[in-house]
Amino acid sequence: MPSPTFRLYNTLTHETEPVEPIEEEHLRFYSCGPTVYMYAHIGNFRSFLTADLIRRTAEAIGWDVTNVSNITDVGHLTQDDLVDPGGEDKMQRALKREGERFANIYDLARHYTEAFLEDWGALNLREPEVRPRATEHVTDQLEAVIELVEKEHAYTTDQGVYFSVESVEDYGHLSGNTEAQQLQATERDVVEDPDKRDPRDFALWKHDPQHLMHWHSPWGWGYPGWHIECSVMGMQYLGDRFDLHTGGEDLIFPHHECEIAQNQSLAGHQVVNYWVHTRFLQVEGEKMSKSKGNFYIVRDLIAPGPDDDHVPDSVREQGGVDPLALRYALMQGQYRKPFNFTLDTLHTAARHVRRYQDAAERVDAALAADADGPDELGGRLRPIYDRTLEAMCDDLNTPAATAAALDGVKAIEQTDRLNGATARSARNWLDRTNALLGVVEPEHEADQRTDAGSENGLAPAHLSDSIDTLLEDREAARADGEYARADAIRDTLEALGIEVMDTPDGTEWERREQVG
């Protein structure tokens, strides 16, 4: 079957369009990353998950992918920060909040960067090819600001350097904020400078020697504006024409609107063809908020600590949820529709992921046994994968994709006896589905599936889990009167070197000692 056409909704054109890479079959895109002043919450990771799924879908249809995703480790002033009398950015406020935990603001940034990367890995997100940090590219940002001033797209005041919105024709096109009055009303960037020419103009460089993170520039000590870093790092690593840019819907205005203005002023032409934005997430029908007790960060849900009193009891009682279950739950809403995250959704996701894992364990046990027999699954699983891929190519329709993929799990569950040929087809389907959706098993563990372990190619702990699952299947088969299926499972276990003993107290097993 030929690969389906990959289509995504383009915020720039307000249409769902076929994605046509500039370089044939090579998708190059930039993903806005976090500002590292606190642990990232599940709403942040819903946006990062969108980028991950774009990558996986592109690779599934045979494309190469180059992804750049930044770390913002420089604090920036935004309109929200002006409520603070000291005019401090979020990172400076975080340093005060943390007390003596960190020696300085750079230590704070390193800590939350490392935590973010741990959460990223836990959710089975693939690493970008480049993960640049803003602090590593301040010189590049300064050069870009100087160029914008020389091209008369920017001007200086005693307080800093500002981009002149009037110098570009279509500012506001991405967000639809095209009227000057509307732009002024919705502007979030710092505007309190009496020498600014237009209230809509935004900061490229702020002159402030008191800021905790500052660098020397032609305009004195200061720090870069928020928007310039993504323009600079995107073009540095992807060139002055690349395919796609992702982020949360809160970044449409002003961040991405400003980024477009900077890009086109620096390059002299349109730089990015497709803009993809993830909608907001609610929790139990309400805006996520610490005061409401529904502000969930990833690590609290997957490994709650003793002092995490805001973690739901149903999560705490089971010692946290499987990270893949959290990933699966976040996929139950399509990225460009508002999504209501509930604990019911999370626990249902955990049950579905457990079914994938049970199926994978049973398949691996059958692969180790490698009994003869015809392939009873390949013909059923291939069209299921095709339906899953078609859903993902349809603007990342993750609800339809996960529903289709679950049919594959059911097909494995309904197969009484997994011989070698059937198990190979099932494993192939599991691997392809995991590569596309990332919900079957953590990929770093999947890569090690046949590494050192038992003589059958399975690690001892993994084998024990598989045995327990097979014994449960055998008991269920016996209870249903499916004695042929129960005998087949026993045969599989014996081929693995496992002796099954039915006792009055239940079924027990032990490994046979190897002879010779």
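Preceding block: the structure.
Throughout what follows, the structure given in this document is the object of discussion. These numbers come from a predicted model, not from an experiment.

### Details of the sheet that holds strand S14 (residues 339-341)
Moving on, step 1. Read across the sheet, three strands follow the order S13-S12-S14 without closing on themselves; strand pairing throughout is mixed. Two strands in the sheet have a free side with no partner beyond their single neighbour: strand S13 (286-287) and S14.
Moving on, step 2. Taken together, the three bridges between strand S12 (residues 281-283) and S14 define a ladder with parallel strand orientation. Within S14, the position partnered with Val-283 by the bridge is Phe-341.
Moving on, step 3. Against the sheet, helix H1 (residues 42-60) engages S12 and S14, with an angle of about 145° to S12.

### What about the packing of helix H12 (residues 378-393) against helix H13 (residues 398-413)?
Moving on, step 1. Contact pair H12 / H13: the axes reach a minimum separation of 7 Å and the direction vectors enclose 170°. One finds that H12 runs roughly antiparallel with respect to H13. Mapping the contact onto sequence places Arg-380, Leu-381, Ile-384, Arg-387, Thr-388, Ala-391 and Met-392 in H12 and Thr-398, Ala-400, Ala-401, Ala-404, Ala-405, Asp-407, Gly-408 and Ala-411 in H13.
Moving on, step 2. When the residues that make up the contact of H12 with H13 are grouped by side-chain class, the tally is nine nonpolar, three polar and three charged.

### A few points about the packing of aromatic side chains
Geometry of an aromatic ring pair is reported as the spacing of the ring centres plus the angle between the planes.
Moving on, step 1. For the coordinates displayed, the defined rule picks out 15 aromatic pairs.
Moving on, step 2. Seen from their ring centres, Phe-48 and Phe-116 are 5.3 Å apart, and the 80° between their planes marks the pair as edge-to-face. With Phe-48 in helix H1 and Phe-116 in helix H3 (residues 105-122), this pair connects stretches of sequence that are 68 residues apart. Of the two residues examined, Phe-48 and Phe-116, each falls in the buried class.

### Quick notes on the sheet that holds strand S3 (residues 26-31)
Moving on, step 1. As summarised here, the arrangement of the four strands in space is S4-S3-S10-S11, forming an open sheet in which the pairing is parallel. Each edge of the open sheet carries a strand with a single partner, namely strand S4 (64-69) and strand S11 (272-278). The mean inter-strand angle of the sheet, taken between neighbouring strand axes irrespective of direction, is 20°.
Moving on, step 2. When S3 meets strand S10 (residues 242-248), the two strands line up parallel, connected through three bridges. Note on S10: the bridge partner recorded for Phe-29 is Leu-244.

### Some words on the layout of surface pockets
Moving on, step 1. The computed volume of the largest pocket comes to approximately 1,500 Å³.
Moving on, step 2. As for the largest pocket, its lining consists of 48 residues, and the residues nearest its centre are Tyr-37, His-41, Asn-44, Lys-90 and Asp-250.
Moving on, step 3. Secondary structure elements with two or more residues in the lining of the largest pocket: H1, helix H2 (90-97), H3, helix H6 (226-238), S10 and S12.

### Focus: the pattern of salt bridges
Should their charged atoms come close, side chains of opposite charge can pair.
Moving on, step 1. Under the counting rule described, the total for this entry stands at 27 salt bridges.
Moving on, step 2. Across the pair Arg-101 and Glu-98 runs a salt bridge whose closest N-O atoms are separated by 3.2 Å.
Moving on, step 3. One salt bridge connects Asp-407 with Lys-410, and the closest N-O pair in it is separated by 3.9 Å. Here Lys-410 and Asp-407 lie together in helix H13, a separation of three residues that amounts to about one turn.
Moving on, step 4. Ionic contacts of the salt-bridge type, sharing partners, join the residues Asp-52, Arg-55, Arg-56, Glu-59, Arg-126, Glu-129, Arg-327 and Glu-443 into one network.

### Re the pairing of S10
Moving on, step 1. Where burial is concerned, most of S10 is hidden: seven out of the seven residues are buried.
Moving on, step 2. In this region the chain leaves S10, passes through helix H7 (residues 252-267) and returns to the parallel neighbour S11; the handedness of that crossover is right-handed.

### Concerning the side chain of His-137
Moving on, step 1. Tracing the sequence through the fold places His-137 in the loop between H3 and helix H4 (138-150).
Moving on, step 2. The class of His-137 is buried, set by a relative accessible area of 3%.
Moving on, step 3. A distance of 3.0 Å separates a polar side-chain atom of His-137 from the backbone oxygen of Arg-133.
Moving on, step 4. Excluding residues that lie within four positions of it along the chain, His-137 makes contacts with Pro-132, Met-233, Gln-236 and Tyr-237.

### Description of the nonpolar core
Moving on, step 1. Counting residues in each nonpolar core, the largest one holds 134 residues, and the members touching the most others are Ile-42, Leu-326, Phe-341 and Trp-429.
Moving on, step 2. The dominant element in this core, judged by the number of residues it contributes, is helix H11 (residues 343-369), at nine residues.
Moving on, step 3. Beyond its immediate chain neighbours, meaning those up to four positions away, Phe-341 contacts Ile-42, Leu-281, Gln-282, Val-283, Glu-284, Tyr-296, Leu-301, Leu-326, Ala-329, Leu-330 and Leu-346.

### Some thoughts on H3
In an α-helix there are 3.6 residues to a turn, and that puts residues three or four apart on one side.
Moving on, step 1. Its 18 residues give H3 an end-to-end C-alpha distance of 26 Å, which sits within 8% of 26 Å, the value for a rise of 1.5 Å per residue.
Moving on, step 2. Every buried residue of H3 is listed here: Ile-105, Leu-108, Ala-109, Tyr-112, Thr-113, Ala-115, Phe-116, Asp-119 and Trp-120. When H3 is viewed along its axis, its buried side chains cluster within an angular range of 165° and face the same direction. Those residues of H3 that are exposed and angled more than 90 degrees off the buried face are Glu-114 and Glu-118.
Moving on, step 3. Those residues of H3 that are buried are in contact with H1, S4, H2 and helix H8 (298-302).
Moving on, step 4. Backbone nitrogen of Tyr-106 and a side-chain oxygen of the N-cap are separated by 3.0 Å at the start of H3; the cap is Asn-104.
Moving on, step 5. Looking one or two places after H3, you find Asn-124, whose phi comes out positive at around 65°.

### Comments concerning the pairing of strand S1 (residues 7-10)
Moving on, step 1. Here S1 shows a clear split, with Leu-8 and Asn-10 buried on one side and none of Arg-7 and Tyr-9 buried on the other.
Moving on, step 2. Remark: four residues form the turn of the hairpin made by S1 and strand S2 (residues 15-18), two consecutive strands paired antiparallel; His-14 in that turn has positive phi of roughly 60°.

### Section: H1
Moving on, step 1. Relative to the 27 Å expected for 19 residues at 1.5 Å per residue, H1 spans 26 Å between its end C-alpha atoms, a close match to the ideal helical length.
Moving on, step 2. The element H1 is extensively covered by neighbouring structure, given that 15 of its 19 residues are classed as buried.
Moving on, step 3. Looking one or two places after H1, you find Gly-62, whose phi comes out positive at around 100°.

### With respect to unusual backbone geometry
Moving on, step 1. At the junction of Phe-253 and Pro-254, the peptide bond is cis and its omega measures out at 10° in the coordinates.
Moving on, step 2. Here Pro-254 shows up in helix H7.
Moving on, step 3. With phi around 65°, Glu-152 is a residue other than glycine that occupies positive phi space.
Moving on, step 4. In this structure, Glu-152 sits in the loop between H4 and strand S5 (154-156).
Moving on, step 5. The phi angle at Glu-284 is positive, at roughly 50°, despite the residue not being glycine.
Moving on, step 6. Tracing the backbone shows Glu-284 in the loop between S12 and S13.
Moving on, step 7. Assessed through its relative accessible area of 42%, Glu-284 is described here as partly exposed.

Each value, and the rule that gives it
- Residues numbered from 1 in each chain as written.
- Predicted model: local features only at pLDDT ≥ 70, side-chain atom pairs only at ≥ 80, totals over all residues.
- Heavy atoms only, no water.
- Pairing = 2+ DSSP bridges.
- Helix = DSSP H or I, 4+ residues; strand = E, 2+ residues; numbered from the N terminus.
- Contact = heavy atoms within 4.5 Å.
- Axes fitted to C-alpha atoms, helices over the stretch in contact; angles between N-to-C directions.
- Parallel < 35°, antiparallel > 145°, perpendicular 65-115°, else oblique.
- Nonpolar A, V, L, I, M, F, W, Y, C, P; charged D, E, K, R; others polar.
- Phe/Tyr/Trp six-rings, centres within 6.5 Å; stacked < 30°, edge-to-face > 60°.
- Buried < 20%, exposed > 50% of the residue type's maximum accessible area, 1.4 Å probe, protein only.
- 1 Å grid on protein atoms, 1.4 Å probe; cavity = no way out; pocket = protein on both sides within 12 Å on 5 of 7 lines; lining within 4 Å.
- Points joined across faces, edges and corners; volume = space filled by probe spheres on them.
- Salt bridge = Lys/Arg side-chain N within 4 Å of Asp/Glu carboxyl O.
- Right-handed = clockwise from strand over helix to strand, strands pointing away.
- Polar contact = N/O pair within 3.5 Å; in protein donor to acceptor, adjacent residues only side chain to side chain.
- Core = buried A, V, L, I, M, F, W, Y, C linked by side-chain atoms within 4.5 Å.
- Expected span 1.5 Å × (residues − 1).
- Arc of directions from axis to C-beta.

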